[in-house]
Amino acid sequence: MVVLKAGSRPPWVGLGAAVWVQIAAGNSYTFPLYSSSLKTVLGFSQQQVTILGVANDVGENVGILPGIACNKLPPWVVLLIGVSACFLGYGVLWLAVSQTVQSMPYWVLWIALCIATNSSAWLGTAVLVTNMRNFPLSRGTVAGILKGYVGLSAAVYTEVYSSVLGESSSRLLLFNSLGLPVICLAMMYFIRACTPASGEDSSIHVHFLFTQAASVVVAIYLLTTTILKDVFSLSNAFSYTFVAVMVILLMAPIAIPIKMTLFPTNKTPVPQGGSSDNLVPESDSSKMDPLLVRSSASYLGSFCEDEDFSDVDILLAMGEGAVKKRRKPRRGEDFKLREAVVKADFWLLWVVYFLGVGSGVTVLNNLAQIGVSLGEDDATILLTIFSFCNFLGRLGAGAVSEHFVRSRTIPRTIWMTVTQLIMVLTFLLYASALNGTLYVATALLGFCYGVQFAIMIPTASELFGLKHFGIIFNFMQLGNPIGALLFSGLLAGYVYDAEVAKQGGSSCLGPNCYRLTFIILACVCGLGTILGIFLTVRIRPVYQMLYSGGSFRIAQSSTSEDRRLLGYSSRGPCFMGQVVSAFSQKSCLASQFITFTVSTAGK
């Protein structure tokens, strides 16, 4: 069987399908649209709603299980688990808000919201890990595109909410419970792992540029239609037409595999120096003489960390010199989570990300209440602006960081540092409560918030590898719910309720409702800026090593090509017999002697 060649249609089909799954994975961004109904229909206080917002962030970002599952299960199984969580969680919330079930306990709603938004972790992890592995030479670009669509999903949901669902919270929750699972089930077949490209050609860059341009067109379109509907009173026919055009624009990435089908090309990518996949037919590789391999020991040096072998198997291999004693991975190589968590760079990246997204998500969770306190009753425009700029931050950070990391080997984290400095000024702008600054501050914060996501993802994969990227990336994302709990649930909720008590009303009005919160968040981002500078200086040598040739260099490891060259069997310890066949008769006698010694000692 011939290995799937690089640049073939399936990776691009999967990327096009991933766009829809990422839109579905952004379901947690619908919380501001129905949070007001939780207060009016269920009679919750602002702090209770804020704590539900924490549940929203906990479910969305606690993805340790999806991270483990993506290394054990095929993508469709991971997606199916996410679909089930979406159906169950939002179904329970719909029963409560529609009052189909009366007096549902608060703790049940909290758990249901965690389960509902945890579908985002399952869906997002499945498509992100699969596509990052399918396009390993364009990690920043892929992360920016996929995370950009997640950021854009808030505007997509707002469009559907206002145009089709009649701004009904119960209908929105029913759509999340039934509509989103149907979309993901339809896309499930197309998201699969493919053999990554061993090199790059101009067509890959053109395809990525087209996908980025299509996403920008969607974002501008959504912003324009939202403003039009807010300014003018449009009929239902116009609203439905807007949604139909939006659906067509979201299908634009599918044009790439269609074009490749109608106009096939026989171009062969130029291999990169560090790539380990030559993408040759397996039948040819199996005919190669194992004695011609440069060093069996060098190929087998990391087998012990990839497979589970018995101690006797490893002892025999070490006795023959086939397996070297395993060394700890260096930055830029594949780490397991337990190996990564002892590295200072891991925790520096986590803290910088935590400070950035934790402060940003505080504003996002309280955006409707912030608007009301400053005299803006309609949160739709604010949410759309935040979503649009969030999308631009994610997409732009992926593309810009990819350019500078290739051309000047500048670490991606420099952009996290710069944007957190801008966030300091943005929070001070919020705190000033000057006329006309609300929309400007929301736009700036949305952009900077999006940058944090788009930079953390490829940085984690470059420092700690793609092999266990799913669990490492999801561990990093714990910074989001922890930040939401500390800054939104405890800080912002407490300050808001204290001001409500002073005013003696049911809601808070005026700049003092969140002024203290904004000042503290400005200090938080100031600390993130300092730590970001320190992290960037520390990891600069890693990027100089990885991108010294102007393109990402894949480190040599025990890849599928190595295993094919050695005739490696996936059935476990039987590889020992195949390795022994590549050694001299002297090595075989040594193996027999060691085996005899081990068995004698056992008696």
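Residues numbered from 1 in each chain as written. Predicted model: local features only at pLDDT ≥ 70, side-chain atom pairs only at ≥ 80, totals over all residues. Heavy atoms only, no water.

K.L.:
Could you give an account of the overall build of the protein chain, with specific residues and numbers?
P.N.:
A count of helices and strands for the protein chain gives 27 helices and two strands. Within the protein chain, the fraction of its 603 residues that count as buried is 56%. For the protein chain, contacts bridging at least 24 residues in sequence account for 85% of all contacts bridging at least 6. For the protein chain, the exposed area adds up to about 24900 Å²; of that, 67% sits on carbon and sulfur atoms. (Helix = DSSP H or I, 4+ residues; strand = E, 2+ residues; numbered from the N terminus. Buried < 20%, exposed > 50% of the residue type's maximum accessible area, 1.4 Å probe, protein only. Contact = heavy atoms within 4.5 Å. Areas by Shrake-Rupley, 256 points an atom, 1.4 Å probe, with all protein chains shown as cover.)

K.L.:
Describe the pattern of salt bridges, naming the residues involved and giving the relevant values.
P.N.:
For the structure on display, the rule yields five salt bridges. Here Arg538 ties to Asp345 by a salt bridge, and the two come within 2.6 Å at their closest N and O atoms. Highlighted residues: Arg538 in helix H24 (residues 515–546) and Asp345 in helix H17 (residues 344–365), separated in sequence by 193 residues. We classify Arg538 as partly exposed; its relative accessible area is 32%. (Salt bridge = Lys/Arg side-chain N within 4 Å of Asp/Glu carboxyl O.)

K.L.:
How would you summarise unusual backbone geometry if you had to cite specific residues and measurements?
P.N.:
Although it is not a glycine, Glu167 sits at a positive phi angle of roughly 55 degrees. When you line up the elements, Glu167 lands in the loop between helix H7 (139–163) and helix H8 (169–187). Phi is positive for Ala433, close to 55 degrees, though the residue is something other than glycine.

K.L.:
A description of the packing of helix H3 (residues 46–61) against helix H6 (residues 106–134) should follow, citing residues and the corresponding values.
P.N.:
Remark: H3 packs on H6, axes separated minimally by 6 Å, with the N-to-C direction vectors making an angle of 35 degrees. Judged by the sense of rotation from one axis to the other, the crossing of H3 with H6 is right-handed. Along its contact with H3, which presents Gln48, Ile51, Leu52, Ala55, Asn56, Val58, Gly59 and Glu60, the element H6 presents Tyr106, Leu109, Trp110, Leu113, Cys114, Thr117, Asn118, Ser120 and Ala121. (Axes fitted to C-alpha atoms, helices over the stretch in contact; angles between N-to-C directions. Left-handed = near helix turned anticlockwise from the far one by under 90°.)

K.L.:
Outline the packing of aromatic side chains, supporting the account with residue identities and numerical values.
P.N.:
A full pass over the atoms with the stated rule returns 25 aromatic pairs. Measuring from centroid to centroid gives 5.3 Å for Phe346 and Trp347, while their planes differ by 85 degrees, and the two rings are edge-to-face. On the basis of relative accessible area, Phe346 is assigned to the buried category, the value being 0%. Aromatic rings pair up to connect Phe335, Phe346, Trp347, Trp350, Phe354, Phe464, Phe475 and Phe487 into one cluster. Over the aromatic face of Phe453 sits the side chain of Arg394, whose NZ or CZ is 4.2 Å from the ring centroid. (Phe/Tyr/Trp six-rings, centres within 6.5 Å; stacked < 30°, edge-to-face > 60°. Lys NZ or Arg CZ within 6 Å of the ring centre and 35° of its normal.)

K.L.:
Got a sec to walk through the nonpolar core? Specific residues and values, please.
P.N.:
Counting residues in hydrophobic clusters, the biggest one holds 152 residues, and the most contacted among them are Tyr34 and Phe427. Among the elements that take part in this core, helix H21 (residues 437–464) stands out by supplying 14 residues, more than any other. Other than its neighbours up to four places away in sequence, Tyr34 contacts Asn56, Tyr90, Leu93, Leu113, Ser169, Leu172 and Leu173. (Core = buried A, V, L, I, M, F, W, Y, C linked by side-chain atoms within 4.5 Å.)

K.L.:
Got a sec to walk through a negative patch on the surface? Specific residues and values, please.
P.N.:
On the surface, a cluster of negative charge is contributed by Glu167, Asp230, Asp377 and Asp378. Position of Asp230 among the secondary structure elements: in helix H9 (residues 202–231). By relative accessible area, Asp230 is classed as partly exposed at 44%. (Patch = residues over 30% accessible without salt bridge, like charges linked within 9 Å, V, L, I, M, F, W, Y side chains within 5 Å. Lys, Arg positive; Asp, Glu negative; His and termini not counted. Charge placed at Lys NZ, Arg CZ, Asp CG, Glu CD.)

K.L.:
So what about the environment of Ser138? Which residues, and what values?
P.N.:
The topology assignment puts Ser138 in the loop between H6 and H7. Spatially, the C-alpha atoms of Ser138 and Ala399 are 9.6 Å apart, while their sequence positions differ by 261 residues.

K.L.:
Give me the lowdown on the state of the cysteines, citing residues and values where you can.
P.N.:
Taken as a whole and assessed by the stated rule, the structure comprises one disulfide. A disulfide-free cysteine, Cys525 has its sulfur positioned 8.6 Å from the sulfur of Cys448, the nearest such atom. (Disulfide = S-S within 2.5 Å.)

K.L.:
Lay out helix H22 (residues 469–476) with the relevant residues and their values.
P.N.:
For H22, a buried count of eight out of eight residues is recorded, marking the element as mostly surrounded by other parts of the structure. Of the positions making up H22, those classed as buried are Phe469, Gly470, Ile471, Ile472, Phe473, Asn474, Phe475 and Met476.

K.L.:
Break down a nonpolar patch on the surface for me, with residues and values.
P.N.:
Judged by side-chain polarity, Phe87, Leu88, Trp107, Ile111, Ile115, Leu174 and Leu178 come together as a nonpolar surface patch covering roughly 670 Å² of accessible area. Put simply, the parts of the chain that give the nonpolar patch at least two residues each are helix H5 (75–97), H6 and H8. Among the elements that line the nonpolar patch, the one with the most residues is H6, at three residues. Within the secondary structure layout, Ile115 lies in helix H6. For Ile115, a relative accessible area of 32% translates into the label partly exposed.

K.L.:
Now, about the confidence of the model for the protein chain: what can you tell me, with residues and values included?
P.N.:
Per-residue confidence for the protein chain averages 79 on the pLDDT scale, and 78% of its residues sit at or above 70. Taken element by element, the predicted model of the protein chain shows its lowest mean pLDDT in helix H13 (residues 296–300) (34) and its highest in helix H20 (residues 413–432) (95). Across residues 556–591, confidence stays below pLDDT 50; counting only partners more than four residues off in sequence or on other chains, it has 61 contacts. The low-confidence segment residues 593–603, where pLDDT is below 50, has six contacts with residues more than four positions distant or belonging to other chains. (pLDDT = per-residue confidence, 0-100.)

K.L.:
Lay out the packing of H7 against helix H10 (residues 236–250) with the relevant residues and their values.
P.N.:
Contact geometry of H7 with H10 gives a least axis separation of 9 Å together with a crossing angle of 155 degrees. Judged on the interaxial angle alone, H10 and H7 are roughly antiparallel. The element H7 and its partner H10 pack so that their crossing is left-handed. Contacts from Tyr149, Val156, Glu159, Val160 and Ser163 in H7 reach Ser239, Tyr240, Phe242, Val243, Met246 and Leu250 in H10. Partitioning the contact of H7 with H10 into residue classes produces eight nonpolar, two polar and one charged. (Parallel < 35°, antiparallel > 145°, perpendicular 65-115°, else oblique. Nonpolar A, V, L, I, M, F, W, Y, C, P; charged D, E, K, R; others polar.)

K.L.:
Give a detailed account of helix H19 (residues 379–407), specifying residues and quantitative values.
P.N.:
Between its first and last C-alpha atoms H19 spans 41 Å; for 29 residues at 1.5 Å apiece the expected length is 42 Å, and the two agree. Counting buried residues along H19, 21 of its 29 residues qualify, which places the element largely inside the surrounding structure. A positive backbone phi angle near 50 degrees is found at Thr409, which sits one or two residues after H19. (Expected span 1.5 Å × (residues − 1).)

K.L.:
Can you lay out the environment of Ala441 for me, pointing to particular residues and giving the numbers?
P.N.:
Looking at the secondary structure, you find Ala441 in helix H21. Along the primary structure Ala441 and Leu425 are separated by 16 residues, whereas in three dimensions their C-alpha atoms are 9.0 Å apart. Dropping the residues within four chain positions of it, Ala441 is found in contact with Thr426, Leu429 and Tyr430.

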